[in-house]
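Fold and geometry: a report
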Amino acid sequence: MGHIAIVEDEAILRELISYAMETCHYTSRAFGSAEEFLSSYQAGDIYDLLLLDITLPGISGTDLYRTIRDAAESMIPTIFLSAHNAEMDKVSALDLGADDYITKPFGVLELGARVKAVLRRAGRSTSPDRNILRQGPILLDANTRTVKVDGIPVELTNKEFALLESLMQDIGRPLSRQEILDRAWGVNAAIETRTVDMHVKTLRRKLGDASRFIRTVRGVGYKFDSNMV
Ligand code: CA
């Protein structure tokens, strides 16, 4: 598993790459400019690999690469994306320190294979991101605060998200309503425990079929049951 940052100013290509990453079972976050990516990166968001278009409006891909490389202790593994007639050739991209270079247009499978190879070389393919929880059809990404069921995004409120995250962090262990409140609502929440029941109800409705993972434990509270796969 890997969490991939995509920096590409062409919307159609951005969507295609996001789709390619999803097909390869990677999570990703796409940015339309180097500036957008930088604000996420500087806020502490962590990525396993960067797919970086060279020609961008504003800060260029190569300048972004230099900026990160010069500031960070360890550079994010990077694959440059370039138009066929770009000013920069493969040799100079690799000279700069990039891990790989791919020329547009490229196929989904080719891109996936390159990403996999770079992640493997970087030793990241075996270090799952602890902010990404996956169980059965449910994928919870705390980096982007998104939840998908079978690849389809599910809109959750902040509390529903925190509730699901609490349960998925302790798969198989029953959590009392009070524990859930402490985790998802915060320590000082002066809220009645039946609030948890109300949120479990709306969360289950939104998860549809996948709600079968959230089990009521009589006399205790709730648990996320991995045996339901
Ligand atoms: Ca471009």
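Bear in mind that the values here come from a model prediction, so they are computed numbers and not experimental data.

1. As for the overall build of the protein
Regarding its fold elements, the protein presents 8 helices and 12 strands. A total of 229 residues make up the protein; the buried ones form 45% of that total. Long-range contacts, defined here as pairs at least 24 residues apart, represent 55% of the contacts in the protein between residues at least 6 apart. Put simply, the protein shows about 11800 Å² of open surface, and 50% of that area lies on carbon and sulfur atoms.

2. Describing the coordination of the calcium ion
Looking at the calcium ion, the protein donor atoms are D9 (OD), D53 (OD) and T55 (O), and they sit 2.2 to 2.3 Å from it. Every donor residue of the calcium ion comes from the same chain, spaced as D-x43-D-x1-T. With a relative accessible area of 2%, D53 lands in the buried category.

3. What about the nonpolar core?
Among the nonpolar cores identified, the biggest contains 28 residues, and I138, L164 and I214 are the most heavily contacted of them. Of all the elements in the fold, those that place two or more residues in this core are strand 7 (138-141), strand 8 (146-149), helix 6 (158-169), helix 7 (177-185), helix 8 (194-207) and strand 12 (221-224). Formed by 20 residues, the second largest nonpolar core is a distinct cluster that contains Y47, L56, L64 and I76.

4. Things to note about the sheet that holds strand 10 (residues 175-176)
Ordered in space as 10-12-11, the 3 strands form an open sheet in which the pairing is antiparallel. Only two strands of the sheet have a single partner each, and these edge strands are strand 10 and strand 11 (214-217). Sheet topology places strand 11 next to strand 12; 4 bridges connect them, and they run antiparallel. When the sheet's bridge partners are listed, V217 is paired in strand 12 with G221. Against the sheet, helix 8 contacts strand 11 and strand 12, and its axis sits at roughly 150° relative to strand 11.

5. Comments concerning the environment of L175
Within the element layout of this structure, L175 appears in strand 10. We classify L175 as buried; its relative accessible area is 0%. Taking the C-alpha atoms as reference points, L175 and T216, separated by 41 residues in sequence, lie 9.8 Å from one another. Residues in contact with L175, not counting those within four places in the same chain, are S166, L167, D170, I180, R183, V220, G221 and Y222.

6. Description of the environment of R121
Within the element layout of this structure, R121 appears in helix 5 (residues 108-121). When the C-alpha atoms of R121 and D99 are compared, they prove to be 9.2 Å apart, with 22 residues separating the residues in sequence. Of note is the side chain of R121, whose polar atom sits 3.1 Å from the backbone oxygen of D99.

7. Let's talk about the environment of V149
On the secondary structure map, V149 appears in strand 8. Judged by its relative accessible area of 12%, V149 falls in the buried class. For the pair formed by V149 and G136, sequence separation is 13 residues and the distance between their alpha carbons is 8.8 Å. Those residues in contact with V149 that lie beyond four places of it in its chain are P137, I138, V154, L207 and A210.

Cut-offs applied
Residues numbered from 1 in each chain as written. Predicted model: local features only at pLDDT ≥ 70, side-chain atom pairs only at ≥ 80, totals over all residues. Heavy atoms only, no water. Helix = DSSP H or I, 4+ residues; strand = E, 2+ residues; numbered from the N terminus. Buried < 20%, exposed > 50% of the residue type's maximum accessible area, 1.4 Å probe, protein only. Contact = heavy atoms within 4.5 Å. Areas by Shrake-Rupley, 256 points an atom, 1.4 Å probe, with all protein chains shown as cover. Donors = N, O, S within 2.8 Å, 3.2 Å for Na, K, Ca; no water. Core = buried A, V, L, I, M, F, W, Y, C linked by side-chain atoms within 4.5 Å. Pairing = 2+ DSSP bridges. Axes fitted to C-alpha atoms, helices over the stretch in contact; angles between N-to-C directions. Polar contact = N/O pair within 3.5 Å; in protein donor to acceptor, adjacent residues only side chain to side chain.

In short, geometric facts, not functional conclusions.
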